[in-house]
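Fold and geometry: a report
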Amino acid sequence: MPTFVPRLNHLAEWKQDLVIAFGTWVLGVLVYVSGMQVLLAGRDDTPLWIRLTELTVLCGLEMLRRKVPLALLCALAVLAVDITFGPSLPILIVFTDFLYATTLYGSRRTSRLMIGVAAIGTIAVVCVALIFADQWRTAVLAAFALLPFLVTPVWWAANVRQQRDIADSERANAVQLATIGELDRKAAVSGERSKMARDLHDVIAGHLSAIAIQSEAALSMATADPQLSRKVLESVRENSVSALDEMRAMIGLLRADPSTGDAEIEPTAPARLAELSKLVESARASGLEVEIGSVPDRSGDLPAAVDLTAYRIAQEALTNAAKHAAGGRAVLDIRAGGGILTVEVRNDLRPGSGSGDDGGTGLGLLNMRERAAAVGGTLAAGPSGGGWLVRAELPLEGS
């Protein structure tokens, strides 16, 4: 039986109803043939073919047991005919299945109504037995003998329905949690992709743009001072090596095994303000006159996130200045005070150069603002005193 019930549940609904109908019909026939169908005292003088006809019709209606309340009303009609000839046990047992199905498969309102009908029917059965029985003790015993056929199927179906509703609710909650988890995963992936895109942009727009500008400068002064040409080419090489190192570090991070934490390529240390001199030399090699106003004396004491953010903002601002104000002048000023690290890059603007963004892609200023916001700071960029000013304020506490 434990293996039969799961197999029955896997069948289509009409096949389940067919198995139930055939099984109850076979059991009913066996009861009638054995003569155990009598419920009340006395003999059953009703012809066997009538009883079997009633049983066959009622079992046939079990194919409609899920049709509420049509199946129950038809079953009531058969039960009324059976009571007319004298109530029999098989018909009463089969009728309980219609009470069960109506309570289980009907609407919530119908299910609650069946519970009320079972309660009222219990009282009605006891009252009728007391009225028509010769002895009240016999009436009470007969009434309580019939009550399980009315109360048990309704109570059982109500309990099954409650458990089914709980399971459906838990299943819906599980689906919602899975959906929320998937949305969180997608949001995390999107955030990581945005972060990687920002880092890649810094590497490409910073180092490779400097390489392009310096290479152009080297080509334009082929007959100039060899020492100056060599200095430009050295800066080109240094930017190339730095770009490759940062790209290798990012590729190593992407190819790392998250289960073991091992990376195929050892990552390099992120750029810090301590390496600001290399950044300034690269900008000067691009033909930009860079003046350093002030730099924190102990940049190593800065929070790592603020240190990296300040370096990247300075790198992006100087790269844009080299693009839009080549041969011009830029002033870099980094100072700490009042719990704020301020990064300012001011450069000249030549006619027709436009804003200090990165060649029209629109990502330079956006990336700088995102980096500043990531550490709780702010960034402003725009025309100022005939030039272009990039100013970032980064909090030193809580970063």
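Residues numbered from 1 in each chain as written. Predicted model: local features only at pLDDT ≥ 70, side-chain atom pairs only at ≥ 80, totals over all residues. Heavy atoms only, no water.

When the terminal C-alpha atoms of helix H2 (residues 13-34) are compared, their 32 Å separation across 22 residues agrees well with the 32 Å that a helix rising 1.5 Å per residue should span. Among the residues of H2, Gln16, Asp17, Ala21, Gly28, Val29 and Tyr32 are the ones counted as buried. Downstream of H2 by a residue or two, Gly35 has a phi angle that is positive, lying close to 80 degrees. (Helix = DSSP H or I, 4+ residues; strand = E, 2+ residues; numbered from the N terminus. Expected span 1.5 Å × (residues − 1). Buried < 20%, exposed > 50% of the residue type's maximum accessible area, 1.4 Å probe, protein only.)

Examined against the element boundaries, Asn347 turns out to sit in strand E3 (residues 340-348). Owing to a relative accessible area of 5%, Asn347 belongs among the buried residues under this scheme. Along the primary structure Asn347 and Val390 are separated by 43 residues, whereas in three dimensions their C-alpha atoms are 8.9 Å apart. Once residues lying within four places of it in the same chain are set aside, the contact partners of Asn347 are Ala321, Ala325, Arg329, Ala330, Gly387 and Trp388. (Contact = heavy atoms within 4.5 Å.)

Moving on: the packing of H2 against helix H3 (residues 48-61). With their axes 9 Å apart at the nearest point, H2 and H3 run at an angle of 165 degrees to one another. Here H2 is positioned roughly antiparallel relative to H3, judged by the angle of their axes. You can see that H2 and H3 cross each other, and the crossing is right-handed. Packed against H2, whose contacting residues are Ala21, Thr24, Trp25, Gly28, Val29 and Tyr32, the element H3 presents Leu48, Arg51, Leu52, Leu55, Thr56 and Cys59 at the interface. A class-by-class count of the residues in the contact of H2 with H3 yields eight nonpolar, three polar and one charged. (Axes fitted to C-alpha atoms, helices over the stretch in contact; angles between N-to-C directions. Parallel < 35°, antiparallel > 145°, perpendicular 65-115°, else oblique. Left-handed = near helix turned anticlockwise from the far one by under 90°. Nonpolar A, V, L, I, M, F, W, Y, C, P; charged D, E, K, R; others polar.)

What follows is about the UniProt feature "transmembrane region" (unreviewed entry) in the chain. Mapped onto the present numbering, the UniProt feature "transmembrane region" (unreviewed entry) falls on residues 20-41, 70-93, 113-132 and 139-158. This span, residues 70-93, is 88% helix and 0% strand, and a straight line between its end C-alpha atoms measures 19 Å. (UniProt positions renumbered as here; feature names shortened; annotations may be inferred.)

Let us look at the nonpolar core. Judged by nonpolar contacts, the single largest core of 31 residues is most densely connected at Leu273, Leu276, Ile313, Leu318, Leu341 and Leu394. Look past the residues within four positions of Leu341 in its chain and what remains in contact with it is Leu273, Pro296, Leu302, Val306, Ala310, Ile334, Arg335, Ala336, Ala392, Glu393, Leu394 and Leu396. Counting 20 residues, the second-largest nonpolar core is a separate cluster that includes Val29, Leu58, Met114 and Ala118. (Core = buried A, V, L, I, M, F, W, Y, C linked by side-chain atoms within 4.5 Å.)

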